[in-house]
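Observations on the model geometry
Single-letter residue listing:
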Amino acid sequence: MGSASSAYRVIYLDVDGRSQKVVFSRFCSPCDIKELFCTATGLSRNTTISLLDSTGAMVSIDPTMPNNSERSPYKVVPITGGQLADKEELFQNVLTQVAEQFSRAFKINELKTEVTNRLAMLEKRVELEGMKVVEIEKCRSDIKKLREEMASRNNSSFLDDNKKLTPRRDVPSYPKMLSCLEHMYHDLGLVKDFNINPITLKRWLLCIHDNYRNNPFHNFRHCFCVTQMMYSMICLCSLQEKFTQVDILILMTAAVCHDLDHPGYNNTYQINARTELAVRYNDISPLENHHCAVAFQIFSQPDCNIFANFDPEAFKQIRQGTITLILATDMARHGEILDSFKQKVDNFDFTNEEHVTCLKMVLIKCCDISNEVRPMEVAEPWVDCLLEEYFMQSDREKAEGLPVAPFMDREKVTKPTAQIGFIKFVLIPMFETVMKLFPQIEEVMVQPLRESRDRYEELKQIDDAMNEVQKKKSENLTMGGKKK
C-alpha cells in the first residue's frame, strides 16, 4: 500500500484522446473536484459538466467516486444551459419514480406507523402487566414476529436488482448488527436469567450505537466485531460451563462498551497534547477511563438500564467487573496482564476469583485485537482503516509539534511492516497462551494468525526485493553520470 493511498484519490480523464491523471484529496468537496476536472480538460472552472464512463453511463463527481484506470478514462462533457435544464427535469422525474417505487416496495410510511404503534403497544403491555413471565414470553414472541416481518420486507425483489450497490463505510446500515447483538444476549440466556426488559435492551443498544463516533477504525463496526468475537469464544470454549452467568454478562457488556466515544486519537496523543481527558484522568488510561464513564452514564438513564432489576450489591459487582475489563484493553498494560496470566495458566483454577478475573481480562484483549483471526478478505480492510486512523493522528502530531510514533508515520510504515511484528510478538503469544487452557482455539484462531504472519512476511520479502532493484538502478545511474 502506498503511503498516501488512504488520503488521496487518482482519477484518469480522456483529454483529446489521451489519458490525463488527476489527483485530489479525499477531503475535497464535489465542487473542488469538478473545478479540477474543468482545469484538466481546458474548460472554464465554472463550466457545468457531467462525467461519463467508457460505457456512456454517468459517474457521480464526489470523493467516493469509483476508481478507474488509464485504459478506461472518464470523459468530461460540458453541459449547455438547455441541456442542463433538460437533465434537471429528467433527473427530477427519475427521482420521483424511484421514490414512488421505493414507497411501494417498502410501504415506508405504513411500516413506520405500524412499527411505532405495535412497539408502543408491546411496551405498554410489559410495563402494565408488571413484567409477568407469561407476558414477557408473549412480548418476545411478538417482537420476533415483527422483526421477521420487517426482514422479509427488506429482502424484497426491489433490493435484488441493486445488489451491486455497496454502502460507503461512513454511512453503513446498522440495524442488522444491532439485531445480532440483541440475539447474542437472548441466545446466551442473559435476558431470561436476569429478567432484562427486551425493549430496554433494544433502547440500550441503540444508545450504544449513537455514542460511537464515525472514526475510520474505532467505530460501531469495531464494537460489533469485538462483541461477536467474544460471543464466539464463549461458545467455542464452552465458557458457560466454567463461568457464572454474571461473568458472561460482564464479558459481553464490557465488549459492547469498551471503546465508547473513542475520539480517534490514542492515549499517547491525549497525554502529549495534554487534552481534557488526560488532565481529568491524570494520564492514567485516559481513553479507557472515559469509555467506562460514558458506559455508566448510559446505564444511569432508566430507559437504557438493562441492569434495572439487579439489587445494589449485584449491580456493584457488575459495574466493577465491567470497569476492570474495559481498563484491561489499554495496550500499555499488555505485558503486565499477559505475564500475570502466564503464571496462572499451568495450574489454572476456575474456582479462584483472581484466576477467573485474569482470564476474563485476557479474553477481552484477544477479542479487541482479533481482526487477523478472521479471513484475509475481512482482516485486510481493517488494517487499512487502522492505518488511516494512525496517519490522521501522526499528521496532527506533526502539525502540533508532538512526538510521532514510527508505526503511525505514513512516510515510514507499510502494511507488512505494521502487521508482522504485531502478529509475531503480540497476537500469537497471547492466543497460544490461551490455547493452553482451550486447545480448541488452535485450528480456528491460532492457525489463521500463523498463516497471516507468513503472508505478510512474503509480502515484505517482495517489497524488499523491489526496493533493492530500485536502489541498484539508482546506483547504476549515478555511476554512469560520474563516468561521463
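Residues numbered from 1 in each chain as written. Predicted model: local features only at pLDDT ≥ 70, side-chain atom pairs only at ≥ 80, totals over all residues. Heavy atoms only, no water.

**Looking at helix α8 (residues 198-210)**
Put simply, the rule is: The way it works is that DSSP assigns letters per residue, a run of H or I at least four long becomes a helix, a run of E at least two long becomes a strand, and they are numbered from the N terminus. One fewer than the residue count of a helix, multiplied by 1.5 Å, yields its expected span. Here's how the labels work: a residue is buried when its accessible area is under 20% of the maximum for its type, exposed when over 50%, partly exposed in between, all with a 1.4 Å probe on protein chains only. In protein, a polar contact means a hydrogen-donor-capable atom and an acceptor-capable atom, both N or O and within 3.5 Å, with residues adjacent in sequence counting only if both atoms are side-chain atoms; elsewhere, any N or O pair within 3.5 Å suffices.
Between its terminal C-alpha atoms α8 stretches 19 Å, which fits the 18 Å expected from 13 residues at 1.5 Å a residue. All of the buried residues in α8 are P198, I199, T200, L201, W204, L205, C207 and I208. Regarding α8, its N-cap is N197, as a side-chain oxygen of that residue lies 2.9 Å from the backbone nitrogen of I199 further along.

**Quick word on the nonpolar core**
Inclusion rule: Buried residues of nine kinds, namely Ala, Val, Leu, Ile, Met, Phe, Trp, Tyr and Cys, make up a nonpolar core once their side-chain atoms join them within 4.5 Å. Only heavy atoms enter the contact rule, under which two residues are in contact if any of them lie within 4.5 Å.
In this structure, Y185, W204 and F431 are the most contacted members of the largest nonpolar core, which totals 91 residues. Not counting residues up to four positions away in its chain, the partners in contact with W204 are Y185, T253, V256, C257, I298, F299, C304 and I306. Within the second largest apolar cluster, 15 residues are counted, among which are F24, F37, L51 and I61.

**Some points on a nonpolar patch on the surface**
To keep things clear, this is the line we draw: Residues qualify for a patch when their relative accessible area is over 30% and they have no salt bridge, like charges being joined within 9 Å and the nonpolar side chains of Val, Leu, Ile, Met, Phe, Trp and Tyr within 5 Å. For every accessible area listed, the method is Shrake-Rupley and the probe measures 1.4 Å; residues are considered covered only by the protein chains on display. Salt bridges are defined as contacts in which a side-chain nitrogen from Lys or Arg sits within 4 Å of a carboxyl oxygen from Asp or Glu.
Together, Y8, V10 and V23 give the surface a local cluster of nonpolar side chains, amounting to about 250 Å² of exposed area. Counting through the fold element by element, V10 comes out in strand β1 (residues 8-15).

**With respect to the sheet that holds strand β3 (residues 49-52)**
In plain terms, the rule: Any two strands with at least two DSSP-identified bridges between them are counted as paired. For every element, the axis is a line fit to its C-alpha atoms; helices are fit only across the contacting stretch, and the angle between N-to-C directions ranges from 0 to 180 degrees.
Pairing is mixed in the open sheet, where four strands are placed in the order β2-β1-β4-β3. The outermost strands of the open sheet, each flanked by one partner alone, are β2 (18-25) and β3. Direction aside, neighbouring strands of the sheet carry axes that sit 40° apart on average. As judged from the eight bridges shared by β1 and β2, these two strands associate in the antiparallel manner.

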